[in-house]
Amino acid sequence: MWCQRLVWLLRGQCGSTGCRWPQPPRDPRPVLAAPARCHSTAPASPCCAWQLHQDHLELRYGSTVMRLDFVWLRDHCRSASCYNTKTNQRSLDTASVDLGIRPQAVRVDETTLFLTWPDGHVTRYGLEWLAKNSYEGQKQQVMHPRILWNAEIYRQAQVPSIDCRSFLETDEGLKEFLQNFLLYGIAFVENVTPTKEDTKILAERVSIIETIYGRMWYFTSDFSRGDTAYTKLALDRHTDTTYFQEPCGIQVFHCLKHEGTGGRTLLVDGFHAAEQVLRQAPEHFQLLAKVPLKHEYVENVGGCHNHMIGVGPVLNVYPWNNELYLIRYNNYDRAVFNTVPHDVVRRWYHAHRALTTELRRPDNELWVKLKPGKALFVDNWRVLHGREAFTGYRQLCGCYLTRDDVLNTARLLGLQA
């Protein structure tokens, strides 16, 4: 069994290779000549041990086994000469660190790792900090906690809308709104005055507004922009601005008026659909996460002239933990598929079909009738939207918000984002 706490010894006391892992009693390997000394601490204390290798320190703390490169350990030093705690910025010039650096001494107390470098500089790391910030620690964490949903899961959750006044005037209302948004990828604000100006005030509570579409836009079926959305036709599920190198993060919709029938808004959790693909056919998921696609927007209507091209895979994941953070899905704007050789093309179409099948499952479709006074915020990196065809005059206003600003607001209120 692992001892509950190992005394950290100077390298000179442990031999040239450093302290080695203590062996379990039933381990068939030979007993080490110089086992690390063990001191008992409180039962809840994490188990730890360490071993020096040629170019890295191997550290076990609790259930996490970390392999920490010596250059990394020197580069991330938080001493006053290496890191400015007032600005939270690195002061050390990384290019000045010897790539062959190796500590002269290593020791630890109950909470801290100490490294002495050849020039006498001492680096200190909290063991909890290392467990959280190492590669191995990050693999065990999610960047963005979420609740994946289909229509029934979302309805059963009974996620409340936030009153406009509470949203605008209190941190509690704003925090509740942002928590709903982060968990589900959609959030509603009620009792909004149905004007473009009041919707703009709402949006600016969490972000600045600016895109090629201006700040706020009116949306009717007058084909004033070169886009199918500016018609009365039904729109299949999609994410917006896939033709941006970085698609817009959040979209705001507010229906100001509708004198007619139809026009319900469709919402689909793209991450939930992708999760089903991952479970059923992981090879499809991996292909959709690796193959880059081009999306294109060409517009020459009235005074609007744009030609935009965005490149990226359908599924975008963090490479260290395979966590999905962005889905880029828009069959209307997908450009010529010419980014892979022919032997990959057919496999990609099979993968794309698998994802499309999940996205189009009726039980994944949440249909919402937008109405004056109820504003909808949509995570455009996660939730696909569409609409059914409609009749009569239908006017919406809305905007795109920068994702960084919204997540910044959430973090300042103490949320993980």
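Residues numbered from 1 in each chain as written. Predicted model: local features only at pLDDT ≥ 70, side-chain atom pairs only at ≥ 80, totals over all residues. Heavy atoms only, no water.

Trainee: So what about the overall build of the protein? Which residues, and what values?
Mentor: Each helix and strand counted, the protein has 12 helices and 22 strands in total. Considering the protein as a whole, with its 417 residues, one finds that 49% of them fall into the buried category. Sequence-distant contacts, at least 24 apart, represent 74% of the contacts inside the protein between residues at least 6 apart. (Helix = DSSP H or I, 4+ residues; strand = E, 2+ residues; numbered from the N terminus. Buried < 20%, exposed > 50% of the residue type's maximum accessible area, 1.4 Å probe, protein only. Contact = heavy atoms within 4.5 Å.)

Trainee: Go over the pairing of strand 8 (residues 122-126) with me, naming the residues and quoting the values.
Mentor: In strand 8, alternate side chains face the same way, and those of Thr 123 and Tyr 125 are buried while those of Val 122, Arg 124 and Gly 126 on the opposite face are not. Pairing between strand 7 (residues 112-116) and strand 8: 5 bridges, direction antiparallel. Note on strand 8: the bridge partner recorded for Thr 116 is Val 122. (Pairing = 2+ DSSP bridges.)

Trainee: How would you summarise the sheet that holds strand 8 if you had to cite specific residues and measurements?
Mentor: Judged by pairing direction, the sheet is antiparallel, and its 3 strands sit side by side in the order 6-7-8 without closing on themselves. Single-partner strands in this sheet number two, and they are strand 6 (105-108) and strand 8. Within the sheet, the average angular offset between the axes of one strand and its neighbour, ignoring direction, is 15°. As judged from the 4 bridges shared by strand 6 and strand 7, these two strands associate in the antiparallel manner. Bridging across to strand 7, Val 108 finds its partner in Leu 113. (Axes fitted to C-alpha atoms, helices over the stretch in contact; angles between N-to-C directions.)

Trainee: I'd like a rundown of unusual backbone geometry, residues and numbers included.
Mentor: Trans is the prevailing form of peptide bonds, just as negative phi is the prevailing case for residues other than glycine. At Gln 158, a position not held by glycine, the phi torsion is positive, near 50°. Relative to the elements of secondary structure, Gln 158 occurs in the loop between helix 5 (151-157) and strand 9 (162-163). The class for Gln 158 is exposed, based on a relative accessible area of 66%.

Trainee: Residues and numbers for the packing of aromatic side chains, please.
Mentor: Tallied over the full model, the rule gives 18 aromatic pairs. Seen from their ring centres, Phe 167 and Phe 177 are 4.8 Å apart, and the 80° between their planes marks the pair as edge-to-face. Linking Phe 167 in helix 6 (residues 164-169) with Phe 177 in helix 7 (residues 171-184), this pair joins segments that are 10 residues apart in sequence. Accessibility classification places Phe 167 together with Phe 177 in one group, the buried group. Ring centres of Trp 348 and Tyr 349 lie 5.3 Å apart, and the angle between their planes is 75°; on these two criteria the pair is classed as edge-to-face. An aromatic cluster of at least three residues, connected via ring pairs, comprises Phe 167, Phe 177, Phe 181 and Phe 377. One Lys or Arg, Arg 78, reaches over the ring of Tyr 83 and ends 4.0 Å from the middle of that ring. (Phe/Tyr/Trp six-rings, centres within 6.5 Å; stacked < 30°, edge-to-face > 60°. Lys NZ or Arg CZ within 6 Å of the ring centre and 35° of its normal.)

Trainee: Talk me through the sheet that holds strand 19 (residues 366-368); I want residue IDs and the actual numbers.
Mentor: Backbone hydrogen bonds hold the strands of a sheet together, and the pairing may be parallel or antiparallel. In spatial order, the strands read 12-21-14-19; together these 4 strands make up an open sheet with antiparallel pairing. Looking at strand neighbours, the two that pair on one side only are strand 12 (235-238) and strand 19, the edges of this open sheet. Direction aside, the axes of adjacent strands within the sheet are offset by 20° on average. Pairing geometry for strand 14 (residues 265-269) and strand 21 (residues 383-387), over 5 bridges, is antiparallel. Paired with Val 268 across the two strands is Leu 384, which belongs to strand 21. Across the face of the sheet, helix 9 (residues 270-280) comes into contact with strand 14 and strand 21 while running at roughly 45° to strand 14.

Trainee: I'd love a proper account of the pattern of salt bridges, names of residues and values included.
Mentor: Any two side chains of opposite charge can pair, given that their charged atoms come close. Scanning the entire structure with this criterion turns up 15 salt bridges. Notably, a salt bridge pairs Arg 165 with Glu 169, separated by 4.0 Å at the nearest N-O pair. A residue pair is termed a helical-turn pair when its members lie 3 or 4 positions apart in one helix, as Arg 165 and Glu 169 do in helix 6 at 4 residues. Looking at Arg 165, the relative accessible area reads 60%, which means it is exposed. Where Glu 275 meets Arg 279, a salt bridge forms, and the shortest distance between an N and an O atom there is 3.3 Å. Residue Glu 275 and its partner Arg 279 are both found in helix 9; the two are separated by 4 residues, about one turn of the helix. Among the residues examined, Glu 275 registers a relative accessible area of 25% and is labelled partly exposed. On the basis of relative accessible area, Arg 279 is assigned to the exposed category, the value being 63%. (Salt bridge = Lys/Arg side-chain N within 4 Å of Asp/Glu carboxyl O.)

Trainee: Any details on the nonpolar core? Residues and values, ideally.
Mentor: Counting 30 residues, the largest nonpolar core has Phe 167, Leu 178, Phe 377 and Leu 401 as the members making the most contacts within it. Of all the elements in the fold, those that place two or more residues in this core are helix 6, helix 7, strand 10 (186-190), helix 8 (196-203), strand 13 (250-259), strand 20 (375-379), strand 22 (393-401) and helix 12 (403-412). Among the elements that make up this core, the one with the highest residue count is helix 7 (5 residues). (Core = buried A, V, L, I, M, F, W, Y, C linked by side-chain atoms within 4.5 Å.)

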